[in-house]
Each structure stands twice: as C-alpha cells, then as structure tokens.
Amino acid sequence: MTTLSVVAIRLTRVSIPLTMVHAGSMYVIQKTERTVVELGLENGVTGLGETWGTPDVYALAQRFAKDWLGKDALDRFALRDSLGRTSYDNRFGRNGLATFAGLDLAAWDAAARSLKMSLAELIGARKRESINVVSTLPAAILPKTVTRQELTAHLDVLANTKRVVDFALAQVRNSGFRSFKLKSAAYSPEWDWKLLNELRDAMPAARIRFDPNANYGPATAIDLCRRLDPLGLEFFEDPTGELEGIARLKAAVKTPVATNMWVVRDEHLVPAIRRRAVDVVLGDLFMWGGIDAWRRMARVTHAYGLKPALHSVYETGIATVANLHLASALAEVEYPNDSGLHFLASDVLAEPQEVKGGAMKLPAGPGLGVTLDRTKLEKVTLETAEIRL
C-alpha cells in the first residue's frame, strides 16, 4: 500500500431534470442520469469523477471498484486491468469504456489533488483559463416530452422553426453564447434547411454545428448538406451513418465534417485518416474510455491534419469541468467544448459553473478545483453503493 492507494469508492446514481425538453433524432428527454464517483485514497484525499447513469454502468462501476481497491491511483496500467489492456481484451464494450472513464477521472483528480497540481497541469499544462462552450439547440421547442409521432407533427408546421430561433437568441442574451449545436430530428430536410437559414440570419457571426446523429441516409444527407454549404456552418456532425457514408458526404461538400459516432476507438483512426472521412473527431471522454485515451486520440488526429474537439451531453459540473481541463491542457483542441450543464435544473457541485460571454472559467485549486455539495447530491440521488477495503 502507498499513500496514493485506493481505499474506498462511493458511487451515487443521480437523476437531474433538464430545464428544457431535448428533442433530437435519437430521443426526446427532459432529464439526465449520471453516476457520481468519489474515490478515496490512503492519504485522506478524495477525487471526483462521473460517468453514465444507466443501471448497467452503475452495476459495472461497482464491479470495477472492487478490483481497484488497494491499487495506486497513479498506476495507469494496473487500474486498466479491470477493463483490459487492449480493445480485444475489453469484454464490456462501450459500457466498459464509460465505466472505466468515470473511475479513471476520479483517480486523476485524486492524484492531482495529492500532488497539489491542477488536473490540467497533470495532463500536460494549464494553457488557458477560459474555454468557449457550445449551447445545444433542440430540434424543436416543446412544452413536454412527446412521442415521435407528436414530434413529427410539430415539425410538419414549418412556422414552428421560429421558436428555436427565439430560444437561441435567449441563450445569447442570458449567457453570451457564440457557439451552438442544432440537434436534428432527421425527419424533415426542409425544416432543417429553413431553421438553419433563420439561425444564420439571426446570428450572422455565430458558430453553428448541425447534428442529425447519423439518422439521415447518405443521399438525403448529401443533398441537404450541399444546400447548407453557403451558410458557412462550423461543421456537419454525423450527418449520415457509418464511415463510408460520411466519407462520401465529405467529398461532396465544402463545410467541415465531424463525428462522435464512427471514430470512437484507436482502431478507427487509421481507416478514417486513410479514407479522409472526417475533418474533426469530436471525442467523448466516456466513449473513448478516459483521459489517456482521449489525449492519445487528440495527438494522433492532430498529427495527421485532423482536429480533435470535446463532445458532451448533459453532464454534471464534474465532467463539464474535466472537459475544461482537457481543453486547457491540450493545445490541439481549438474548437469550443460541447456543454449541457447550463440546462440542468441543479448540479452536484458547491461552486456554480457559470457561462459568461459564451465561455467558462477553469476553476482554481488542485485537481478539478471543485467540491461536492452533499445536500445537492442527496436531493437528486437514486441509489448509492460504497466499496471499501
């Protein structure tokens, strides 16, 4: 045992309401579920992490946590044994990567706190104190969650696009957002074309991403994206499915093409680079399986002329701040970070993580630089498990 040995891991599965209805091609939701990780060391330091909040991931986190007890928080290879040293060894698929990433984040945080370094410094360097962030725009503005049939009926009324434009302008007024991601229901190309033109007219200087989550077929996506080319969007994010479909689309348009769905493992990088399939790898910390994997991806993509960027969904302040540290530490990251924290009705941190002027500040202090608010956490808790030596 060393002073950095893991002696306890507490897992708390939470459900947090959203202040708006997220409508897209994959789901219509008004809550997010996450698993908060508290990792205690022999020296008394506790690190924070989080991951997905599905029952499967929560159960897998308990299994991994038992394997981590007694291991050194800085021993990256020993900690990864629970998952497997290679993709071939990973028996748990995407859930395993996300589970490992959540525990891994807590280990990085605990180690950085113990060394009295910020997480960005431990990753590489603290290069930036302020990171621009992206505001999600739902495919439609709805008063409550609806069925797919109800959503498509709403999209059939093209006059409803104005509600999304008004929503976007409210984000500019409230938080100074300059970057946006429009989620598409991938139902009506005419709705998407009209809405994106209206967003560009309303915000001529804004950076706008368009994300149908690969639910348009290649032919439809190519036709729509060609029509959208003159708008000068930041990028098309997963406009269609599979690497080959995206490569065909990229060859047909001028706007950069990004993915967070088809390049999500080390072994995906070589075919994507050879095929010239994308311009941007929008990497998700949890889908990639933690900080080491994300940092490696960023350096490889940058070396081959691609650009890495940080993907996010509706995460608590813990993962949101972790992404800020990654963006600060890695010079390869040029694009604004995805962020959905501002749409959570509450957070689990004691310190408010505000968006001002379209950016978020890197917290001061060692590790992540944030503290857990136990009262806030208890209010959103679904279940808790504690694993100790």
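Cut-offs used in this document
- Residues numbered from 1 in each chain as written.
- Predicted model: local features only at pLDDT ≥ 70, side-chain atom pairs only at ≥ 80, totals over all residues.
- Heavy atoms only, no water.
- Core = buried A, V, L, I, M, F, W, Y, C linked by side-chain atoms within 4.5 Å.
- Buried < 20%, exposed > 50% of the residue type's maximum accessible area, 1.4 Å probe, protein only.
- Helix = DSSP H or I, 4+ residues; strand = E, 2+ residues; numbered from the N terminus.
- Contact = heavy atoms within 4.5 Å.
- Salt bridge = Lys/Arg side-chain N within 4 Å of Asp/Glu carboxyl O.
- Axes fitted to C-alpha atoms, helices over the stretch in contact; angles between N-to-C directions.
- Parallel < 35°, antiparallel > 145°, perpendicular 65-115°, else oblique.
- Left-handed = near helix turned anticlockwise from the far one by under 90°.
- Nonpolar A, V, L, I, M, F, W, Y, C, P; charged D, E, K, R; others polar.

## What to know about the nonpolar core
Formed by 99 residues in total, the largest nonpolar core has its most connected members in Leu196, Leu199, Phe210, Trp294, Ile318 and Leu368. Counting residues per element, this core draws most heavily on helix H13 (residues 317–329), which supplies eight residues. Setting aside anything within four residues of it in sequence, one finds phenylalanine 210 in contact with Leu182, Ser184, Asp192, Leu196, Tyr216, Leu224, Leu228, Leu233, Phe235, Phe236 and Glu237. Counting residues in hydrophobic clusters, the runner-up holds 26 residues, among them Val6, Leu39, Phe64 and Phe100.

## Digging into the pattern of salt bridges
Scanning all chains against the criterion turns up 28 salt bridges. Taking the shortest distance from any N to any O, the salt bridge between lysine 181 and aspartate 338 comes out at 2.7 Å. Of this pair, lysine 181 sits in strand E5 (residues 179–183) while aspartate 338 sits in strand E11 (residues 337–339), and the two are 157 residues apart along the sequence. When sorted by exposure, lysine 181 lands in the same class as aspartate 338, which is buried.

## Looking at the packing of helix H9 (residues 242–252) against helix H10 (residues 266–275)
Between H9 and H10, the least distance of the axes is 10 Å, while the angle of their chain directions is 25°. The angle between H9 and H10 places the two elements in the roughly parallel class. The handedness of the crossing between H9 and H10 is right-handed. Listed contacts from H10 to Leu243, Glu244, Ala247 and Arg248 of H9 are Pro271, Ala272 and Arg275. Of the residues assigned to the contact of H9 with H10, the class counts are four nonpolar, no polar and three charged.

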